[in-house]
Structures are given as C-alpha cells and as structure tokens.
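Structural description and commentary
Residues per chain are reported as follows:
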Amino acid sequence: MEADLGQGPVLSAGGLTKRFGRRTVLDTVSFTVAEGEVHGLLGPNGSGKTTCLHLVTGLLAADAGAAVIAGVPVHDKVSRALLGMAPDDLPLPASLTGGEYLRFHDRMRGRDDARSARELAEAFGLAGELDRQIHEYSHGMKRKLQVVAATMHRPPLLVLDEPFRGLDPEAAVTLRRLVGSYADSGGAVLLATHDMLRAQRDCHRVTILHSGSIAAQGEPYQLRQDHGAATLEDVFLAATDREGEQARRADALTAVLREGDERH
Ligand SMILES: Nc1ncnc2c1ncn2[C@@H]1O[C@H](COP(=O)(O)OP(=O)(O)OP(=O)(O)O)[C@@H](O)[C@H]1O
C-alpha cells in the first residue's frame, strides 16, 4: 500500500484496545496526530502509555481498534518506513558500537542516512562516542543514540517514550529543539511523558490516560480553561482523580507517623 502523505492526520488511532490475559489495559483509545503537531500522551504509572505507543508502532497487535500511519495500517510492514521510535527501555545490542548500531538501522531500512545520523549525533554531543561499544555508554548516551536512530531517516511520524528521562540539561534542550523543528518542518511527534511542565509548554495537544481509558484530551490551554486549572498538572490531577488519592495517601502517612511518635 502507498503512503498517503499530506492528506489527513499522519497518525490515526481509533478504538485501540489491548488485553493482557483477562485484564484490559487499554480500552477504546482514539486520537490523531496531524502534520506539524507535537502530541503528548500523559497518565499515571501503569495507565497504558507505553502499551499505546507499542500498538501505534505495530510492536504489539491490538485486540480491537486500529492505527493507521499516513494511510497505511500499522499491521502492514510498509508502515515501518513511515515512523521512527525511541523506546523507553528496549535493551540495545551491547557489543555493537554506536556507529554500527546506526548503520544497522540504515541496512534494515534499506537507506543511507549516514550524513543525517552524523549531524544528529553531533547535535547531541555524541559524534565522538560512535566508535565506542554501547556497553560503555551511560544511560543518557543510550537515550541519545536511540533518538538519533529513530530520527535519522526523517520519518513522517516520530514516537518517543519518555524521551527526556535521564538526559542532562544540555541534551534536553537539544531534544526539545529537535522535537520543535521536527514538527515545524511538517513532522508529527507523539511522545509519552510524565513531565507536565514540558507537556504544557511543548505539546500542541495532549491525551491523558487513566487506567487505560482517556480521561481528558485537547489543547493544554483549552483543558486548563475547561477544568478551571492554573496548570496542566492540576488538570492531570483532577482528570485522573489524583487529588483525592493524594489526600488519602497524605492522611495515611500522617497516621503512620503519628502512631510511630506515640510508641516512642
Ligand atoms: N506484557 C505484559 N503483560 C501483562 N501486563 C502488562 C504487560 N505490559 C504491560 N502490562 C500492564 O499494562 C498496564 C499498562 O502498562 P504500561 O507500561 O502501558 O503503562 P505506562 O502508562 O507506560 O506506565 P509507566 O508510566 O509506569 O511507564 C500495566 O498495568 C502493566 O502492568
């Protein structure tokens, strides 16, 4: 099937549902990501963000619903060329050098993006490290390498799972600029994050998941208006009922500490 670039959203996810055993961990989740859009996927631990990213990239098969990238369903292998994904914690081949890992991606894609890879590695201060084996890399260096591998072929859709985790401030600024310019040049970016400030500042739209379902969806500014909230973090707390949860936990903690005091 031919990619249909320039018409409709780059990514359409409709009714995505995933069950592990008898547990439904993602329940009829729908959203789109347009050209030029940075879309944030937010939600508490275990709410289904990574599962959702795995469904829209074809790493996992959905039990119901479908994801389509530039007109190509993700179960069609053609879709692989239309996306780049930097996963949260997929193990990297430790014995390869960073450069070999990037060339491996080139070969898998049947492309030659060496120049783009070098430029991106330079932007992340990683160019001087590409001859070292990955097992010698720090966490942040691995993360940068994954972002370079996901981006070097300039796919229409970039999918990033917690991309800022473990990055030093300089690399975080570089990544933020990369994401911004990626979208400005017509790319679509879907990123899962726990960082509400970044999401409020950098995402055009967000989808907030709670227990596998959509708790809120829209532009950060609009969501703040709708919830009468000062920040996206407050929207998140309200939408995922974290305010009540936090108060209950604080009460329980106070009770435990008081009990301890009384015993001494
Ligand atoms: N392979 C699996 N088998 C069984 N359950 C799974 C599997 N993968 C994920 N889950 C469950 O699915 C739910 C959603 O997990 P997921 O990793 O998508 O959440 P998340 O929002 O990305 O969490 P976090 O913010 O902690 O990374 C969790 O309850 C998790 O235990």
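Looking at an unreviewed UniProt entry, one finds the chain named ABC-2 type transport system ATP-binding protein and attributed to Haloactinospora alba.

**Regarding the packing of aromatic side chains**
Under the definition given, this model contains zero aromatic pairs. Note that Arg198 overlies the ring of Phe164, its terminal NZ or CZ placed 3.9 Å from the centroid.

**Comments concerning the sheet that holds strand S8 (residues 188-192)**
The six strands are arranged S6-S7-S8-S3-S9-S10 in an open sheet whose pairing can be described as mixed. Looking along the sheet, the strands with just one partner apiece sit at the ends: strand S6 (83-86) and strand S10 (213-218). Each strand of the sheet is rotated relative to its neighbour by a mean of 15 degrees, with strand direction disregarded. Of the strand pairs in this sheet, strand S3 (residues 38-42) and S8 are connected by four bridges, and their pairing is parallel. Across the sheet, residue His39 finds its bridge partner in S8, namely Leu190. Contacts from helix H5 (residues 169-184) reach S3, strand S7 (157-161) and S8, with the element oriented near 145 degrees to S8.

**Quick word on the pairing of strand S4 (residues 64-69)**
Looking at chain direction, strand S1 (residues 11-20) and S4 are connected through five bridges and run antiparallel. In the strand pairing of S4, Leu11 is matched with Ile69. Bridge analysis of S4 against strand S5 (residues 72-73) gives two bridges, and the strand direction is antiparallel. For Val68, the partnering residue across the bridge sits in S5 and is Pro73. Following S4, the chain reverses through two residues before pairing antiparallel with S5; Ala70 in that reversal takes a positive phi of roughly 45 degrees.

**Digging into unusual backbone geometry**
One non-glycine residue, Thr28, adopts positive backbone phi at about 45 degrees. Among the secondary structure elements, Thr28 is positioned in strand S2 (residues 23-33). In this structure, Ser211 is a non-glycine residue whose phi angle is positive, near 50 degrees. Position of Ser211 among the secondary structure elements: in the loop between strand S9 (205-210) and S10.

**Regarding the environment of Glu35**
Positionally, Glu35 belongs in the loop between S2 and S3. Considered as a pair, Glu35 and His105 are 70 residues apart in the sequence and their alpha carbons are 24 Å apart.

**Side note on helix H3 (residues 114-123)**
Buried within H3 are the following residues: Ser116, Ala117, Leu120 and Ala121. End-on, the buried residues of H3 take up no more than an arc of 135 degrees, which puts them together on one face. Those residues of H3 that are exposed and angled more than 90 degrees off the buried face are Arg115 and Glu122. The inward-facing, buried residues of H3 abut helix H2 (98-109), helix H4 (139-151) and H5. Just downstream of H3 lies Gly125, where phi reads positive at about 65 degrees.

**Remarks on the environment of Met141**
Along the chain, Met141 falls in helix H4. Overall, Met141 belongs to the buried group, its relative accessible area being 15%. Between the C-alpha atom of Met141 and that of Ala199, which follows or precedes it by 58 residues, the distance is 23 Å.

**Describing the site of the ligand**
By nearness alone, every residue bordering the ligand is listed as Phe20, Arg23, Val25, Pro44, Asn45, Gly46, Ser47, Gly48, Lys49, Thr50, Thr51 and His194. Here an oxygen atom of the ligand sits 3.0 Å away from a polar atom, N or O, in the side chain of Asn45. His194 places a polar side-chain atom, nitrogen or oxygen, 2.9 Å from an oxygen atom of the ligand. For the shell around the ligand, the secondary-structure elements that each account for two or more residues are S2 and helix H1 (49-56). By residue class, the composition of the shell around the ligand is three nonpolar, seven polar and two charged.

Thresholds, definitions, all that
Residues numbered from 1 in each chain as written. Predicted model: local features only at pLDDT ≥ 70, side-chain atom pairs only at ≥ 80, totals over all residues. Heavy atoms only, no water. Phe/Tyr/Trp six-rings, centres within 6.5 Å; stacked < 30°, edge-to-face > 60°. Lys NZ or Arg CZ within 6 Å of the ring centre and 35° of its normal. Pairing = 2+ DSSP bridges. Helix = DSSP H or I, 4+ residues; strand = E, 2+ residues; numbered from the N terminus. Axes fitted to C-alpha atoms, helices over the stretch in contact; angles between N-to-C directions. Contact = heavy atoms within 4.5 Å. Buried < 20%, exposed > 50% of the residue type's maximum accessible area, 1.4 Å probe, protein only. Arc of directions from axis to C-beta. Near = heavy atom within 4 Å. Polar contact = N/O pair within 3.5 Å; in protein donor to acceptor, adjacent residues only side chain to side chain. Nonpolar A, V, L, I, M, F, W, Y, C, P; charged D, E, K, R; others polar.

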